Each structure stands twice: as structure tokens, then as C-alpha cells.
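Secondary and tertiary structure notes
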Amino acid sequence: QVQLVESGGGLVHPGGSLRLSCVASGLSLTSYAMAWYRQTPGNERDLVARISISGITNHADSVKGRFGISRDVAKRTIYLQMNSLNAEDTAVYYCHAQLWGSGQSYWGQGTQVTVSS
């Protein structure tokens, strides 16, 4: 059974940093592309960053240079390091896993990130 569990969200001041974690049980990070999405009320989930099964990363333009996705295959964990946070980064952040070459995918329950002074 696949389960994605996010952690690390919270309240941070503008300019601050947070690191989100997503522990993936029941799957291998070398078979699933992993990603972070975020969602604000009334809006769709937007892709923040993705890491492929081979470890290639890409990031949304809005977070390039500030956020970084990484993974630890042995720990089945992906991370999102978020620096220079601003109010526009306030959202619920979701971990997503997609089986490579398949439509099979999974979501975590989300973790709230609030950037406020």
C-alpha cells in the first residue's frame, strides 16, 4: 500500500526558510517520479518542483533560485528546501508520486505553509 506523508510545514516570516519532507512507503523512488505541488483556496494545485526517477529536477519559474527539490532514495524521502519565502508562497503543499510510464499516481495529505509577519 502506497502512502505519502508530508511534514515540515508551519508559520515562517517573510525571507525565512523551511524544509518540507515527504516519506513514501510502498514504492521505490527509482520507479516513481516525485513532485511537490501547492494549492491556495479556490485555485488548482500548481506544480512547484519535480524529480524524475533518474534524479533530474525541474522547478516552476516562480520558485527557481529559491526552492530546491531533492531525494534520498534509501530513505524513500523527498525534500523541498524553501528559501527567501514570501507571502505568495503561502499554500498547502502536497507530495505527489507517479509511476513512470503509467497514469498511476498518489497524493499525500498536504502540509500547510504560511508566510506572514
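No experiment lies behind these values; they were computed from the predicted model shown. (Residues numbered from 1 in each chain as written. Predicted model: local features only at pLDDT ≥ 70, side-chain atom pairs only at ≥ 80, totals over all residues. Heavy atoms only, no water.)

Here we take up unusual backbone geometry. In the Ramachandran plot, arginine 76 falls in the positive-phi region, its phi being about 55 degrees despite a non-glycine side chain. Checked against the element boundaries, arginine 76 lands in the loop between strand 7 (67–72) and strand 8 (77–82). The exposure class assigned to arginine 76 is partly exposed, which follows from its relative accessible area of 38%. Residue serine 84 is not a glycine yet carries a positive backbone phi of 50 degrees. Within the fold, serine 84 resides in the loop between strand 8 and strand 9 (91–99). Serine 84 gets classed as partly exposed once you look at its relative accessible area, which sits at 41%. (Helix = DSSP H or I, 4+ residues; strand = E, 2+ residues; numbered from the N terminus. Buried < 20%, exposed > 50% of the residue type's maximum accessible area, 1.4 Å probe, protein only.)

This part takes up the environment of serine 62. Here serine 62 shows up in the loop between strand 6 (57–59) and strand 7. Taking the relative accessible area as the measure of exposure, serine 62 reaches 47% and is therefore partly exposed. Counting along the chain gives 27 residues from serine 62 to aspartate 89, while the straight-line C-alpha distance between them is 9.3 Å.

Let us look at the environment of valine 92. Residue position: valine 92 is located in strand 9. Put simply, valine 92 and aspartate 61 are 31 residues apart on the chain and 18 Å apart in space, counted from C-alpha to C-alpha. Contacts of valine 92, omitting those with residues within four sequence positions, involve Tyr37, Arg38, Gln39, Gly110, Thr111 and Gln112. (Contact = heavy atoms within 4.5 Å.)

Further remarks concern the pattern of salt bridges. All told, the structure shown has three salt bridges when counted by the stated rule. Between aspartate 89 and arginine 66 there is a salt bridge, with the nearest N and O atoms lying 2.7 Å from each other. Within this pair, whereas aspartate 89 is found in the loop between strand 8 and strand 9, its partner arginine 66 is found in the loop between strand 6 and strand 7, the two being separated by 23 residues in sequence. Like aspartate 89, the residue arginine 66 is buried in the burial classification. (Salt bridge = Lys/Arg side-chain N within 4 Å of Asp/Glu carboxyl O.)

A few words on the state of the cysteines. Counted according to the given criterion, the structure contains one disulfide. Residue pairing for cysteine 22: its cysteine sulfur links by disulfide to cysteine 95, the two sulfurs lying 2.1 Å apart. As the torsion about the S-S bond is roughly -80 degrees, the cysteine 22-cysteine 95 disulfide counts as left-handed. Of this pair, cysteine 22 sits in strand 3 (residues 18–25) while cysteine 95 sits in strand 9, placing them 73 residues apart in sequence. Exposure remark for cysteine 95: the relative accessible area of 0% places this residue in the buried category. (Disulfide = S-S within 2.5 Å.)

Another aspect to go through is the nonpolar core. One finds Met34, Trp36, Leu80, Met82 and Tyr93 to be the most contacted residues of the largest nonpolar core, which totals 28 residues. Elements that contribute at least two residues to this core include exactly strand 3, strand 4 (32–39), strand 5 (46–51), strand 7, strand 8, strand 9 and strand 11 (111–115). (Core = buried A, V, L, I, M, F, W, Y, C linked by side-chain atoms within 4.5 Å.)

For strand 4 and strand 9, the ladder comprises eight bridges, and the chain directions are antiparallel. Each bridged residue has a counterpart across the sheet, and for glutamine 39 the counterpart in strand 9 is valine 92. Where strand 9 meets strand 11, three bridges bridge the pair, whose relative direction is antiparallel. In the sheet register, alanine 91 faces strand 11, and the bridge partner there is valine 113. Both strand 9 and strand 10 (residues 105–107) contribute to a ladder of three bridges, which runs antiparallel. Looking at the pairing, glutamine 98 lines up with serine 105 of strand 10. Linking strand 9 to strand 10, which pair antiparallel, is a turn of five residues; within it glycine 101 sits at a positive phi near 80 degrees. (Pairing = 2+ DSSP bridges.)

Geometric values such as these leave the question of function open.
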